[in-house]
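This is what each chain is made of:
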Protein chains: 2
Amino acid sequence: MCRILDKINSPKDLKDLSGNELVQLCGEIREQLLLRLSTTGGHVGSNLAVIEATVALHYVFDSPTDKIIFDVSHQCYTHKMLTGRKDAYTDPEKFGSVSGFTNPAESEHDIFSVGHTSSAISLACGLAKGRDVKGETSNVIAVVGDGALSGGEAFEGLNNAAALGSNIILIVNDNDMSIAENHGGLYQNLKLLRETKGKAACNFFQALGFEYFFVSDGNDFYEIADVLKKAKDTDHPIVIHMCTVKGKGYQFAEEDKEHWHYMNPFHRDTGKLRQEAVPAETYEGLTAEFLANKMRKDPAVTAITAGTPKVLGFEQELRNQFPKQFVDVGIAEGHAVAMISGIAKAGGKPVFGVSSSFLQRAYDQLSSDLALNCSPAVILVFFAGIAQGSQTHMGVFDIALAANIPNIIYLAPTCKEEYLSMLEWGLDQTEHPVVIRVPGIETVSRNGALLSEYCHPAKYEIIEHGTTVAILALGKFLGLGEQVRKKLETDHGIHATLINPRYVSAVDEIMLKALTKYGHRLVVTLEDGVIDGGFGEKIAAFYGNSPMKVLNFGAKKEFVNHVTLEEQYFRYRLTPEQIISDILNEI
Amino acid sequence: MCRILDKINSPKDLKDLSGNELVQLCGEIREQLLLRLSTTGGHVGSNLAVIEATVALHYVFDSPTDKIIFDVSHQCYTHKMLTGRKDAYTDPEKFGSVSGFTNPAESEHDIFSVGHTSSAISLACGLAKGRDVKGETSNVIAVVGDGALSGGEAFEGLNNAAALGSNIILIVNDNDMSIAENHGGLYQNLKLLRETKGKAACNFFQALGFEYFFVSDGNDFYEIADVLKKAKDTDHPIVIHMCTVKGKGYQFAEEDKEHWHYMNPFHRDTGKLRQEAVPAETYEGLTAEFLANKMRKDPAVTAITAGTPKVLGFEQELRNQFPKQFVDVGIAEGHAVAMISGIAKAGGKPVFGVSSSFLQRAYDQLSSDLALNCSPAVILVFFAGIAQGSQTHMGVFDIALAANIPNIIYLAPTCKEEYLSMLEWGLDQTEHPVVIRVPGIETVSRNGALLSEYCHPAKYEIIEHGTTVAILALGKFLGLGEQVRKKLETDHGIHATLINPRYVSAVDEIMLKALTKYGHRLVVTLEDGVIDGGFGEKIAAFYGNSPMKVLNFGAKKEFVNHVTLEEQYFRYRLTPEQIISDILNEI
């Protein structure tokens, strides 16, 4: 079968195609995407939604002279197929050759490495300003989802783009969905604009000063291409409000948009997963169960998410049970943290669940809105730790981020019993902002010593009393610490002390001093995060003026893109053998 | 003279006053504020603008049952006068008894300690949600300036407030000014609304779903009080768009709004400063001069500010000279950092100047938008270090914030020559995000060793070769290090080594190893910031497995409100005598 797609090796190859051929190409891409997505998994809904728009963009504009920035860039698969990376979607052996996000290391058509939402407009403003001061001409285009507009950075970008006074084209890809449903007043206006085909007088984008185009069917190649042609080479800021269907062309994805936002490998005919997930107890599930119980008993308990309700284990059904107490603020982590400070001040009991990587958006709010006001709110940090993911979603920076802010108690439970104990205490107490680092995905059970309260000063838990060497194994790394301890004992006859520090944010000075007294010569810290600014350095600094030696183990300060866990552990000397080798070197 | 003001000890005392009396009270407050402001200095413009609105708020609503949140809260002076703290504005002996921002430690009428802009709406959303889940009733009111609306957190708040479905009243205090003039598309809409007396069909706030009220003269007590009465006890979200005059009632302040945003003590009759600032060379001035020269020669050089152009030394006249190359993005630090990443990718040479305290807003953008993309942009961090300021504006957290992000080169110059050398290199190089910690306000000159490039790995500067003790004195603290070194020599015969580390973000491993070789037994780190997550801990960790002792000196992890520099230095053992005493203890 002779496909048009087979002849496309760069955007230039689109230029001489007829309209019919371009429409046929869209169909071929959709078919090919479904083949690959069903095999490897990936972001299904958003990529199926923007096939026509992406083909039209590369047909009308001249990348890389014209710059196309995809917000989040999880919807860039068609873009990659059209810009010399088709094999990564057609040849199973090359499926692993590209990442799921734009990446300048892969292609000159990818301007930025992106993964967090709401940043494309600001980045595009920068490209446009750089172009203008250098006296160059080109089009700068940002493709932004409706969900991303709830993020403050997107608004800051819109506000500035509108006043740029030169060429910038923002394509608002409105599929009426974030990962889950949208929340916020803005979405009433998008709805009104969809219903009036862009004719409503009260128009959010026009209020900001943009020239506004409406595309009623962004999955109609001709309609979107026509509007792009009109916008091309504009000398002023333009918003193209384009309606698309998330999951377009694949029935299951169109019908259950939230679940098909991202999907593991599936059977195309049935939409069923190829490998049904083995039911295991997860911290998400445990959290949802715990919170739902609390919320039923106490109306003051509120659960907050910033556009990712499933991180807290709150599927649609559970959300429906708590229309007042479960709050999705949209993709707005900063607002979420300030809001929980307010809820706590009003006597509510708020719990905000967020991925380590997205907590980064809320540093100032953690400090100024929450910690400075000592508001008794709880933040649960999910997906923290070294992982084989994208460099855009690393979970290793939250320790330096949150543990160095005054007043915040940052806790690292080691197992589900300790996690629930800390969560329960955090919810009930009325004096401290409490952050809890959720220890992984699947739960671990342990018969440890729980505290009745987890205030500062820190009280670490001695799990095994030994001598010579003390291992401080933080949070999820307690398992690694236990492996090291056992191996030291069996292979080298060293009876080491094993400690669960419990606290990321503080040092148990009494216990650390006692270690010196009781015959320890080396303290080893293990943390599932970057060493710089982290937990281990606090221990090293504490022992700075003592003869106690300290070895810090953890991740290096670097961005890591899809490197296996094993390789990263090896690189950071985090295997039990390497740790023991380093220990033996010192004693 | 019998004043109404003298009888006001709580908001309750307003309730029985007639309209004429309340208007008279506003006049008395204005008079009293000018008396105090001219004596002590303070935020002149914003406080004179909201006298009538604040009196009306406390007349119509019932604080503290009804919650009034002031954004930034630099405009809270009248609020403080009406809520039991009048003496702090009438009795010169008590002028120091209140801070310039709201503070729950002072009064139950101050709900939050606030200082950063754009957070009030989010905090108010939290109060409203907490009220709702607890089944209580009260009004929640946030007072937000037009300038604050450019901040992303304010938009996230608006988007959520509009969808809250219950009582929340947002007063947009539109005086058509930020600290300097406003920037961004939103301000075109505010202008349109002012010109149409709120009647324009395209209305930013209505687009978000708010019921909208327009107050054409917010300095007319009757007009604002009438609208507040209508809004009181609303069951849905309301925006009151209120026009006021910044500096109202004081001619000099009305005529030069930017300079009168904050003013040191002045002669009321002439508007002249009581103490003319002694002209000294400042880093702001030096920066402006350097950048202006570069910008004249190279159109690719761009200077960016987030609403505080004077931090970069760019007064109005200088801004006018560079309409394309000088960019004020409004109060939008996150956008600014993403934007400079874009400018750099497009081949421009951007420099973003920002206060240490406000850089906090941009942590994620520093990491995701700038560092991950290795964009060669420069950030200048002003007002870093321990200071006698408000707990809301501390400059001691930027080290842990920025120095632990991969790819960022964080430099700490010690003097103007080194500052300019680093700035020049940062601007010319094309590979690294470079952050420079500006060493104080007045410049210091020193004949040090400059580098031709400041890439990682770090190369520290040995200023004095000694033995036994090595002092690593970071940035501005080099002077302190030199004091300690001299005193050790003269008083104790110890010839210590003095080192300028140059780099906040990296360790010079070669030099640190050499210190061990050349007879040093103790390394002392001095940093003008919080120790936790900072520079000294990296040094302690480096020497963790060696016999070298390390002492870290710096600020404690705590919020500090208006404590003198001397007292903080003493508290943190940062006086030369204390440092020497601690050194002698160890050797």
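Here's a quick rundown of the structure. Every value quoted in this text rests on a predicted model; they were computed, and no experiment measured them.

Quick look at the overall build of chain A now. If you tally the helices and strands in chain A, you get 23 helices and 16 strands. Relative to its length of 587 residues, chain A is compact, with a C-alpha radius of gyration of 26 Å against a globular reference of 25 Å. Within chain A, the 73 negative side-chain charges are centred at a point lying 1 Å from the centre of the 54 positive side-chain charges.

Before going further, it helps to spend a moment on the side chain of Thr302 of chain B. Along the chain, Thr302 of chain B turns up in strand β6 (residues 301-305). Residue Thr302 of chain B is classed as buried on the basis of its relative accessible area of 0%. Once residues within four sequence positions are removed from consideration, Thr302 of chain B is found in contact with Val133 of chain A together with Gln325, Ile343, Lys349, Pro350 and Val351 of chain B.

With that settled, consider helix α3 (residues 51-60) of chain A. Burial analysis of α3 of chain A places nine of its ten residues in the buried class, which makes it a mostly covered element. Among all positions of α3 of chain A, only Ile51, Glu52, Ala53, Thr54, Val55, Ala56, Leu57, His58 and Val60 of chain A are buried.

Turning our eyes to something else, we now look at the environment of Pro309 of chain B. All names here are of chain B. Along the chain, Pro309 falls in the loop between β6 and α13 (316-321). Considered as a pair, Pro309 and Gly466 are 157 residues apart in the sequence and their alpha carbons are 44 Å apart. Apart from residues no more than four positions distant in its own chain, Pro309 is found in contact with Ala180, Glu258, Phe314, Arg319, Phe326 and Asp328.

All names here are of chain B. Read across the sheet, six strands follow the order β7-β6-β8-β9-β11-β10 without closing on themselves; strand pairing throughout is parallel. At either end of the open sheet lies a strand with only one pairing partner, and these are β7 (326-328) and β10 (409-411). For this sheet, the mean angle separating the axes of adjacent strands, direction not counted, is 20 degrees. Alignment of strand β8 (residues 349-355) against strand β9 (residues 378-382), held across five bridges, turns out to be parallel. Counterpart to Phe352 in the pairing with β9 is Ile379.

On to the packing of helix α6 (residues 120-133) of chain A against helix α14 (residues 333-345) of chain B. Each pair of packed helices gets described by two things: the angle between the helix axes and the distance between those axes. At a closest axis distance of 6 Å, the pairing of α6 of chain A and α14 of chain B adopts a crossing angle of 45 degrees. By the angle between their directions, the pair α6 of chain A and α14 of chain B is classed as oblique. By crossing handedness, the relation of α6 of chain A to α14 of chain B is classed as right-handed. Of the residues in α14 of chain B, those touching α6 of chain A at Ser122, Leu123, Cys125, Gly126, Leu127, Lys129 and Gly130 of chain A are His335, Ala338, Met339, Ser341, Gly342, Ile343 and Lys345 of chain B. The residue makeup of the contact of α6 of chain A with α14 of chain B, split by class, is six nonpolar, six polar and two charged.

Taken together, the 104 residues of chain B in the interface contact 104 residues of chain A. For the pairing of chain B and chain A, the buried interface totals around 8000 Å² over both sides, and the portion due to carbon and sulfur atoms is 60%. Where chain B meets chain A, there are four salt bridges. Among the elements that make up the side of chain B that touches chain A, the one with the highest residue count is helix α6 (residues 120-133) of chain B (ten residues). Residues belonging to the side of chain B that touches chain A are distributed by class as follows: 43 nonpolar, 41 polar and 20 charged.

This part is about the sheet that holds strand β14 (residues 497-500) of chain B. All names here are of chain B. Spatial strand order, β12-β14-β13-β15-β16: five strands in an open sheet with mixed pairing. Only two strands of the sheet have a single neighbouring strand rather than two, namely β12 (461-464) and β16 (549-555). Each adjacent strand pair in this sheet contributes to an overall mean axis angle of 25 degrees, direction not counted. Sitting on the sheet, helix α21 (residues 535-542) touches β13 (468-473), β15 (520-530) and β16, and the angle it makes with β15 is about 155 degrees.

What follows is about the relation of the copies chain B and chain A. The relation between the two chain copies is a rotation about an axis coupled with a shift along that axis. Overlaying chain B with chain A gives an RMSD of 0.0 Å, the required rotation being 180 degrees about an axis along which the chain moves by 0.0 Å. On the angle and the small slide along the axis, the relation comes out as a two-fold axis. Comparing interface residues between copies, 100% of those in chain B also sit at the interface in chain A, which points to an isologous, same-surface contact.

Before going further, it helps to examine the pairing of strand β5 (residues 237-243) of chain B. All names here are of chain B. Of all seven residues in β5, seven are buried; the element is thus mostly enclosed. The side-chain alternation of β5 yields two buried faces, one formed by Pro237, Val239, His241 and Cys243 and the other by Ile238, Ile240 and Met242. Direction of pairing for strand β3 (residues 168-174) relative to β5: parallel, over a ladder of seven bridges. When the bridges of β5 are listed, Asn173 appears paired with Met242.

Moving on, we come to the environment of Phe61 of chain A. With respect to the element layout, Phe61 of chain A can be found in the loop between α3 and β1 (67-70). Ignoring anything within four residues of it in the chain, the contact list for Phe61 of chain A reads Lys15, Asp66, Asn139, Ile141, Ile169, Leu228 and Lys232 of chain A.

With that settled, consider the state of the cysteines. Following the criterion strictly, the structure yields zero disulfides over all chains and no others. Counting only cysteine sulfurs, Cys202 of chain A is the nearest neighbor of Cys125 of chain B, a cysteine outside any disulfide, at a range of 19 Å. According to the relative accessible area criterion, Cys125 of chain B is buried, its value standing at 1%.

All right, on to helix α7 (residues 152-161) of chain B then. When you tally the buried positions in α7 of chain B, you get ten out of ten residues, the bulk of the element. When α7 of chain B is considered as a whole, its buried residues turn out to be Gly152, Glu153, Ala154, Phe155, Glu156, Gly157, Leu158, Asn159, Asn160 and Ala161 of chain B.

For the rest of this paragraph, the subject is the packing of aromatic side chains. All names here are of chain A. Across all of its chains, the model carries 39 aromatic pairs over all chains by this definition. With a centroid separation of 5.8 Å and an interplanar angle of 75 degrees, the aromatic rings of Phe221 and Tyr222 are classed as edge-to-face. Relative accessible area serves as the criterion here: at 5%, Phe221 is assigned to the buried category. By relative accessible area, Tyr222 is classed as partly exposed at 39%. When the centroid spacing of 5.2 Å and the interplanar angle of 80 degrees are considered together, the rings of Phe542 and Tyr543 count as edge-to-face.

Counting across every chain of the model gives 76 salt bridges over all chains. A salt bridge links Glu586 of chain B to Lys549 of chain B; the nearest nitrogen and oxygen atoms lie 3.1 Å apart. You can see Glu586 of chain B sitting in helix α23 (residues 576-586) and its partner Lys549 of chain B sitting in strand β16, a full 37 residues away along the chain. Accessibility expressed as a relative area gives 18% for Glu586 of chain B, which makes it buried. Judged by relative accessible area, Lys549 of chain B falls into the partly exposed class, the value being 23%. Via salt bridges that share partners, Lys80, Arg85, Glu106 and Asp110 of chain A belong to a single interconnected network.

Analysis parameters
- Residues numbered from 1 in each chain as written.
- Chains lettered and ligands numbered in written order.
- Predicted model: local features only at pLDDT ≥ 70, side-chain atom pairs only at ≥ 80, totals over all residues.
- Heavy atoms only, no water.
- Helix = DSSP H or I, 4+ residues; strand = E, 2+ residues; numbered from the N terminus.
- Rg over C-alpha atoms; globule rule 2.2 N^0.38 Å.
- Lys, Arg positive; Asp, Glu negative; His and termini not counted.
- Charge placed at Lys NZ, Arg CZ, Asp CG, Glu CD.
- Buried < 20%, exposed > 50% of the residue type's maximum accessible area, 1.4 Å probe, protein only.
- Contact = heavy atoms within 4.5 Å.
- Pairing = 2+ DSSP bridges.
- Axes fitted to C-alpha atoms, helices over the stretch in contact; angles between N-to-C directions.
- Parallel < 35°, antiparallel > 145°, perpendicular 65-115°, else oblique.
- Left-handed = near helix turned anticlockwise from the far one by under 90°.
- Nonpolar A, V, L, I, M, F, W, Y, C, P; charged D, E, K, R; others polar.
- Buried area = accessible area lost by both parts, 1.4 Å probe.
- Salt bridge = Lys/Arg side-chain N within 4 Å of Asp/Glu carboxyl O.
- Least-squares fit on C-alpha atoms with pLDDT ≥ 70 in both.
- Disulfide = S-S within 2.5 Å.
- Phe/Tyr/Trp six-rings, centres within 6.5 Å; stacked < 30°, edge-to-face > 60°.

Keep in mind these numbers describe shape, not what the thing actually does.
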